[in-house]
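Each chain is listed here by its residues.
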Amino acid sequence: MAATTPVTSSPGPPEEQDEGRTKPHHQRVPNGYVMIVVPNDRRDELPASSPPRDADAPEEEREDEEERSPRATSSLWRAAVAVVALAALAVAGSVCLYADGDAATAAWRLLDTREDGGGDEGAAGGRSFLLPLYPKPRRGDNWLQNSTSLFPPLTGNELFPEGMYYTTVSLGNPPRPYFLDVDTCSHTTWIQCDAPCTSCAKGAHPLYRPPARTNLVPASDQLCEGAQHDNPNQCDYDISYADGSSSMGVHVRDNMQFISEDGERKMQTLCGYDQQGILLNRLENTDGILGLSNQALSLPTQLASRGIISNAFGHCMTRDPSGGGYLFLGDDYLPRWGMTWVPIRDGPADDIRRAQVQQVNHGDQQLNVQGKLTQVIFDSGSTYTYFPNEALIKLISSLKAASPRFVQDDSDKTLPFCMKADFPVRSVDDVKRFFKPLSLEFEKRFFFSRTFNIRPEDYLIISDKGNVCLGVLDGTTIGYDSVIIVGDVSLRGKLIAYDNDENEVGWIDSDCTNPRRQSRIPSFLRRALHNQVL
């Protein structure tokens, strides 16, 4: 779910108010961030953001921190690993072909060691975090039990984006679990809190209680620059989303823990005490939002700025909406081979990553205007996919002509466009053969085409009435009249990755059930060398 452009503002936590008192609504604009605290090799805790610094830290560590360039270090590290891996591959191949078994085995071990970077966990970008994704319960206590569809019926203003997946993080000391919506188009991470709370949703857990006021981030903090503050002792934030909803709160210092193979990592987060609009419905079963944009204040960028991970992350959602998936921070789980990559850039107004698509097709029918470039946003914070109005009209016309066995059913309000079949329909598998895939064609790289394919089962939904409904909506309803937003319904069954250093987004088909640390050596070469050794 996209947030609007950061500007300024806002009041701090309210004083104790009478229960039920309504706060006057005003235009809300975003200004928030995530700060991270991680233990270094000496187990001291340093903020991942800029100052305030630890006054007791050794001068040598400060100078080292100021001189370090994580992005440059990460790029050089990747290049070095690639060169060493290729050299080791050549050596191992030669030994396997011309040496005896002992030498071949030694070469294979050498190859594995070099590929893993020599086991140096201290190198920049040498760690990754793996978090599970869970399908988000839909609104209503018995909705899933009484519905044959895994998507909620939408009416009126509920057509705004709402993500399908959340992950779990632990916050505080002792740590307590909280559910956060995974949103690749949000710049900040925040959680509902009792500071006290002016307007909060029910949430999945009791409201987070922030530490003492001494743990408030001051307005003088470097990452708080550019915002107006009524109180110099705290850093406020105020975020507005595309659907008109908003979150207001304050920055607090507290530990948010991620678990990796080499232990815990700690970060700081935002305390949201005033939520307004449709956002209150979205947070009925979760506690906040995990922001994963490419901006300097997002979680992946903050982690990368400290050299904890490479500046890359991705997600993988199973094709079965009830199956979940996983989220990874860092590039250890990023496939080295077979990915399709396209360049991305920030939008002119909202700073949200978008790519340029040259052609949008339904089967062999072009939906966009010939020669007109269309922008594409991959948004895990949106359940459905959105097309520009002109492309959606052509798509609906094409679907109507797909088969005489389907007729439009205006009485079905599950989604704006539904069709009734002349035979019983229980799942998309019963009807997918009648429809053609959608394809987003990007500019070719050399002679190779780059296409993002959306199969019929990834844009069609079966309603409670057994009708076939279109999971592609009109982008003008959320303020995007010339942008395609690819939501969760069309992202399933693919590993989607974001490389913020290279400014690229990539994808590859996957069942998303078995995350593995990836090899830098093509699998067929590894198999050939391994078989030769055996």
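Residues numbered from 1 in each chain as written. Predicted model: local features only at pLDDT ≥ 70, side-chain atom pairs only at ≥ 80, totals over all residues. Heavy atoms only, no water.

An unreviewed UniProt entry lists the chain under the name Peptidase A1 domain-containing protein, from Miscanthus lutarioriparius. Recorded under Sequence similarities (unreviewed entry), the UniProt text for the chain is reproduced unchanged: "Belongs to the peptidase A1 family." (UniProt positions renumbered as here; feature names shortened; annotations may be inferred.)

This brings us to the overall build of the chain. From N to C terminus, the chain includes 8 helices and 28 strands. Going through the 534 residues of the chain one by one, you find that 54% of them count as buried. Total accessible area on the chain stands at roughly 23800 Å², and carbon and sulfur atoms take up 50% of it. (Helix = DSSP H or I, 4+ residues; strand = E, 2+ residues; numbered from the N terminus. Buried < 20%, exposed > 50% of the residue type's maximum accessible area, 1.4 Å probe, protein only. Areas by Shrake-Rupley, 256 points an atom, 1.4 Å probe, with all protein chains shown as cover.)

All chains considered together, the criterion is met by 14 salt bridges. Taking the shortest distance from any N to any O, the salt bridge between D194 and R209 comes out at 2.7 Å. Separated by 15 residues along the polypeptide, D194 in the loop between strand 6 (190-192) and strand 7 (236-240) and R209 in the loop between strand 6 and strand 7 bring together distant segments of the chain. You can call D194 partly exposed: its relative accessible area is 27%. (Salt bridge = Lys/Arg side-chain N within 4 Å of Asp/Glu carboxyl O.)

With that out of the way, let us pick up a nonpolar patch on the surface. A surface patch of nonpolar side chains, about 520 Å² in accessible area, is lined by F446, F447 and F448. Take F447: it is sitting in the loop between strand 21 (438-445) and strand 22 (448-454). By relative accessible area, F447 is classed as exposed at 80%. (Patch = residues over 30% accessible without salt bridge, like charges linked within 9 Å, V, L, I, M, F, W, Y side chains within 5 Å.)

Spatial ordering of the open sheet is given by 19-20-24-23, a layout of 4 strands whose pairing is antiparallel. Here the strands that pair on one side only, and so sit at the sheet edges, are strand 19 (406-408) and strand 23 (460-462). Neighbour-to-neighbour, the strand axes of the sheet open up by a mean angle of 35 degrees, direction not taken into account. Both strand 20 (residues 418-421) and strand 24 (residues 468-470) contribute to a ladder of 2 bridges, which runs antiparallel. Residue pairing across strands places M419 opposite V468, the latter belonging to strand 24. (Pairing = 2+ DSSP bridges. Axes fitted to C-alpha atoms, helices over the stretch in contact; angles between N-to-C directions.)

Our next topic: the nonpolar core. One finds F378, F387, F435 and F452 to be the most contacted residues of the largest nonpolar core, which totals 73 residues. When residues of this core are sorted by domain, at least three fall in each of domain 1 (129-136 + 160-327) and domain 2 (339-509). Excluding residues within four positions of it along the chain, F435 makes contact with L399, A402, F406, M419, P456, Y459, L460 and V468. Listed in part, the 15 residues of the second largest apolar core include I377, C418, Y480 and I485. (Core = buried A, V, L, I, M, F, W, Y, C linked by side-chain atoms within 4.5 Å. Domains from an automatic or database assignment. Contact = heavy atoms within 4.5 Å.)

Quick look at the side chain of R492 now. As for its placement among the helices and strands, R492 is situated in the loop between helix 7 (488-491) and strand 27 (494-499). Look at R492: it is buried, it has no salt bridge, and the nearest opposite charge is D458 at 4.3 Å. Engagement of the side chain of R492 in a polar contact is seen with the backbone oxygen of R319, the distance being 3.0 Å. (Lys, Arg positive; Asp, Glu negative; His and termini not counted. Polar contact = N/O pair within 3.5 Å; in protein donor to acceptor, adjacent residues only side chain to side chain.)

With that out of the way, let us pick up the UniProt feature "active site" (unreviewed entry) in the chain. What UniProt calls "active site" (unreviewed entry) maps, in this numbering, to D183 and D379. Of the residues just listed, which span 197 residues, no C-alpha pair is farther apart than 6.9 Å, and they cluster in one region. Within the secondary structure, D183 sits in strand 5 (residues 176-183). When its relative accessible area of 0% is taken as the criterion, D183 is described as buried. Here C185 takes part through its backbone nitrogen, which lies 3.0 Å from a polar atom of the side chain of D183.

The next thing to look at is unusual backbone geometry. Look at the link from N173 to P174: it is a cis peptide, with omega at 5 degrees. Relative to the helices and strands, P174 is located in the loop between strand 4 (165-171) and strand 5. A cis amide bond, omega -5 degrees, links A195 with the succeeding residue P196. Residue C512 is not a glycine yet carries a positive backbone phi of 60 degrees. You can see C512 is positioned in the loop between strand 28 (504-509) and helix 8 (523-533). Among the residues examined, C512 registers a relative accessible area of 4% and is labelled buried.

With that settled, the discussion passes to helix 6 (residues 389-400). What sets the pattern is the α-helix's 3.6 residues per turn: residues three or four places apart point alike. In a regular helix each residue adds 1.5 Å, so 12 residues correspond to 16 Å; helix 6 covers 17 Å between its end C-alpha atoms and thus fits that length. Residues of helix 6 that are buried: A391, L392, L395, I396, S398 and L399. An end-on view of helix 6 places all buried positions within 160 degrees of arc, on one side of the element. (Expected span 1.5 Å × (residues − 1). Arc of directions from axis to C-beta.)

Mapped onto the elements of the fold, G323 is located in the loop between strand 11 (312-317) and strand 12 (325-329). Separated by 189 residues in sequence, G323 and Y134 place their C-alpha atoms 7.4 Å apart.

Right, let's get into the packing of aromatic side chains. This model, assessed by the stated rule, comprises 14 aromatic pairs. Considering the side-chain rings of F378 and W507, the 5.9 Å spacing of their centres and the 35 degrees angle between planes classify their relative orientation as tilted. In this pair, F378 sits in strand 17 (residues 374-378) while W507 sits in strand 28, placing the two residues 129 residues apart along the sequence. Judged by relative accessible area, which is 5%, F378 ranks as buried. (Phe/Tyr/Trp six-rings, centres within 6.5 Å; stacked < 30°, edge-to-face > 60°.)

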